[in-house]
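Residues per chain, in single letters:
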Amino acid sequence: MTISYNWISKYLPIPIAPPRLSEILTAIGLEVESMEDYESVRGGLKGLLVGEVKACEKHPNADKLTLTKVDTGTDRLLQIVCGAPNVAAGQKVVVAPVGTTIYPVTGEPITMKLAKIRGSESEGMICAEDEIGIGQSHAGIIVLPAGTPVGIPAADYFKPYKDVIYEIGLTPNRMDAMSHLGAARDVCAYLASHESPELRVKTPVADAFKADDQSLPISVTIENTQACQRYAGVSIKGISVAPSPAWLQDQLKAIGLRPINNVVDITNYILHDTGQPLHAFDADAIKDNQVIVKNLPEGTPFITLDGKERKLSAEDLMICNSEEGMCIGGVFGGLTSGVKDGTTNIFLESAWFNPADIRKTSFRHGLRTDAATRFEKGVDISNTVNVLKRAALMIREIAGGTIAMDIVDVYPQPKPKTEVTLTYPYLRKLSGNQYKPEEVRTVLEALEFEIVQEDAQQITVKVPYSKTDISLPADIVEEVLRIDGYDRVAIPSAITITPAVEKSRVADFKEKVAGYLTGAGFYEIMTNSITNSSFFPAEDKSLVKMINSLSAGLDVMRPSMLETGLQVVAYNLNRRQSDLLLYEFGKTYSTTGVNNYQESDHLCLYITGSHQPGSWKSKGVQADFYYLKGIAQKIFQLTGLPVPAFERADLRTLQPGVQALYQGNRVVTLGQVTNSMLEKFDIKQPVFFADFNWNALEGTVATDTRFTELPKQLPVQRDLAFVVSKALTYNKVEQAINNIRQAKLQRMELFDVFESDKLGTDKKSMAVSFIFLDPEKTMNDKEIDNMMGKIMAVLENELHAEIRK
């Protein structure tokens, strides 16, 4: 939420300096995230002066340059070389003396320096509009009226708009503060509570409203009174659509809005002033002068203001004339009924729409407009007509015309105010503060609560319509705490800490794995479980689709964590972070039909670039498949159970793909991400990915840990080289040797693979180290030779290996 200091100050009873206002806003729960000076002209014309050209003569060394003598109100004239064709003696001009910084419309700021131009000294610059940021023209220098005083700052003449802009982190429930008037009401409540109870917000009124005639009556009918509980409107004839006056444009620009025309700008002004969205129709497009609020049949085509044809849902509330829809109520206008440059008659709408209906329609069509974001949180239903009167008076004043009918206000079932009773013991219990009844009353009255009844034990109030989120005593406690100031909440002298619940075995394992990965140089990431359906095959029926998606790019629950992780990888690579070791604990989602959904836990690793950075001593080490496999094996070791065997698998996104099974369940898949997948994210370097099925993996964690005494004997190592078919994988070698069940074989490690034509066609050589250990005694050569003989026999007989001598 953007708040203008000048704007909000109109509604405050006393002046408050910008820093102090920032403190108050934060104290009452409207946290100021930033406070910045705003200038309609960059630099604020600082240092620029009004000068008078006293003399002009042709530059001796340049046909298109002029030597001028300029009076800027000092005791000496400035010599300035000017290239403008319209410079002449006697003109009042804008001068940038040496040392002044100018801010052009485009480009970087320029600081004036003493310069020589074609051999002549120049002590500054006579400025054009675009050179100081006040316009687009570069046809010549600015020539001011003859009566303009010499030597005054240019800022005093042009009076550029200045403001202070606050960005407020507004919580979703605070619709009442989504306007300058709402924020001012809270600030005044704070002032009433802390300075003087008489201080109240200056609420704007429209008592001067009166119809000029009844020449353009338009009727209003509400058919769906649940979705539209109040609808008011008024017609205005003979307006002129034109640019808004400077003051209105300045205020809108300050809060980041682009001025469009006087009618649209006034509706935007009222929206940000009061929080009430308005909509202006071209009255000549309202057939039979009838406005009907209703729903249209499912699939009805409707062209919106952006020129797109949309298929309506039967649940979309429409503002219609006697023949067709004109506007998606509370969300977006129609192409043919909106205000255009040639519009002369308008119908102005102010309404209350059901928040749930507006939110559904807004998301259904992907139209997140300012009006929809207000209506979906609930607007002040009691302010509908007053806001309409203010807007009509502003349009008559700025755009001309006459108010051509009395306001029509259809309000079938007036909404009662919510009553809430707050007991003082409950207030003390929840807030921790001892508030006096009169302090509570002052706060609530300042916030425009109506006191119904009070005694020594409790207070009953009627909630103002502007505070749509208040219905419980706890809500009233929050209001009192806010206005008293969150920074005044007392901190107790002692804090009771609840003993930590003993962590489960699975939680311990997760923490152990996370600790290992962090120690290995990985960074943990967290990505959105909602992602883009375009990442996945269109024929995939297992996708869990969002009914009300946040946007077109976030429309399914992710069936895989690879894609969301690659978005993070791409984001970092685009910012020159090319060496990445990332991991994430998350969930994936799938479905096999209506109301049949599956949710599973995963641990995923993402690796690209170097896993060991380079230094003056050594080059960086690039990550590869085997580095990823080593990390995966280490994670399996943390379970306390033997590392399962890896085998090739046909995987859509990984090539080559590898998997490991445990008790028939796939516990991990890993490999290099395919180029086709990387291209979707514009990633141009290899990425390696591992996906652990966490639900299956945590089931393998050993339930207890046993310790054994370290062996007193030393292990014995024997190396063996053998020639096998190129197609044979090391995994097959491991399986064949493990089947011998050599109890004294502790482990084996592949340490070399060699390929050469000299070995034979489609042959390769493997070299493996075998580590033997007998914990009871020292092994002799005979025992070791016997075990090695069995290993060689298996290699020769089962794998058709040739032992290299």
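Structure shown above.
Predicted model, so just to flag it, every value in this text is computed and none were measured.

1. A closer look at the sheet that holds strand E26 (residues 419–423)
Stage number 1. Overall, antiparallel pairing links the three strands, which are arranged E26-E28-E27 in an open sheet. Looking at strand neighbours, the two that pair on one side only are E26 and strand E27 (450–454), the edges of this open sheet. Taking the axes of each pair of neighbouring strands and ignoring which way they run, one obtains an average angle of 25° across the sheet.
Stage number 2. Each of E26, E27 and strand E28 (458–462) is contacted by helix H11 (residues 424–431), which is oriented at about 75° to E26, the strand it contacts most.
Stage number 3. Running at roughly 70° to E26, helix H13 (residues 473–484) makes contact with E26 and E28 of the sheet.

2. Here we look at the layout of surface pockets
Stage number 1. Reported here for the largest pocket is a volume of approximately 1600 Å³.
Stage number 2. Listed by contribution, the elements that provide at least two residues to the lining of the largest pocket are helix H16 (625–638), strand E37 (646–649), strand E38 (654–662), helix H19 (730–738), strand E42 (745–754) and strand E43 (763–772).
Stage number 3. Looking at the lining of the largest pocket residue by residue, the class counts come to 18 nonpolar, 10 polar and 11 charged.
Stage number 4. Every residue lining the second largest pocket is counted, 29 residues in all, and those nearest its centre are Val264, Asn268, Leu278, His279 and Leu305.
Stage number 5. The set of elements that each furnish at least two residues to the lining of the second largest pocket consists of helix H7 (262–274), strand E16 (278–282), strand E21 (325–328), strand E22 (332–333), strand E23 (346–353) and helix H9 (370–375).
Stage number 6. Here the element with the most residues in the lining of the second largest pocket is H7; it accounts for four residues.
Stage number 7. Classifying every residue of the lining of the second largest pocket by side-chain character gives 17 nonpolar, eight polar and four charged.

3. Re the sheet that holds strand E17 (residues 290–295)
Stage number 1. With mixed pairing, the five strands of this open sheet are ordered in space as E14-E17-E20-E21-E22. Two strands lie at the open edges of the sheet, namely strand E14 (219–222) and E22, each paired on one side alone.
Stage number 2. Inspection of the sheet shows E14 paired to E17 by four bridges, in the parallel sense. Bridging from a neighbouring strand, Ile222 pairs with Val293 of E17.

Procedures and definitions
- Residues numbered from 1 in each chain as written.
- Predicted model: local features only at pLDDT ≥ 70, side-chain atom pairs only at ≥ 80, totals over all residues.
- Heavy atoms only, no water.
- Pairing = 2+ DSSP bridges.
- Helix = DSSP H or I, 4+ residues; strand = E, 2+ residues; numbered from the N terminus.
- Axes fitted to C-alpha atoms, helices over the stretch in contact; angles between N-to-C directions.
- Contact = heavy atoms within 4.5 Å.
- 1 Å grid on protein atoms, 1.4 Å probe; cavity = no way out; pocket = protein on both sides within 12 Å on 5 of 7 lines; lining within 4 Å.
- Points joined across faces, edges and corners; volume = space filled by probe spheres on them.
- Nonpolar A, V, L, I, M, F, W, Y, C, P; charged D, E, K, R; others polar.

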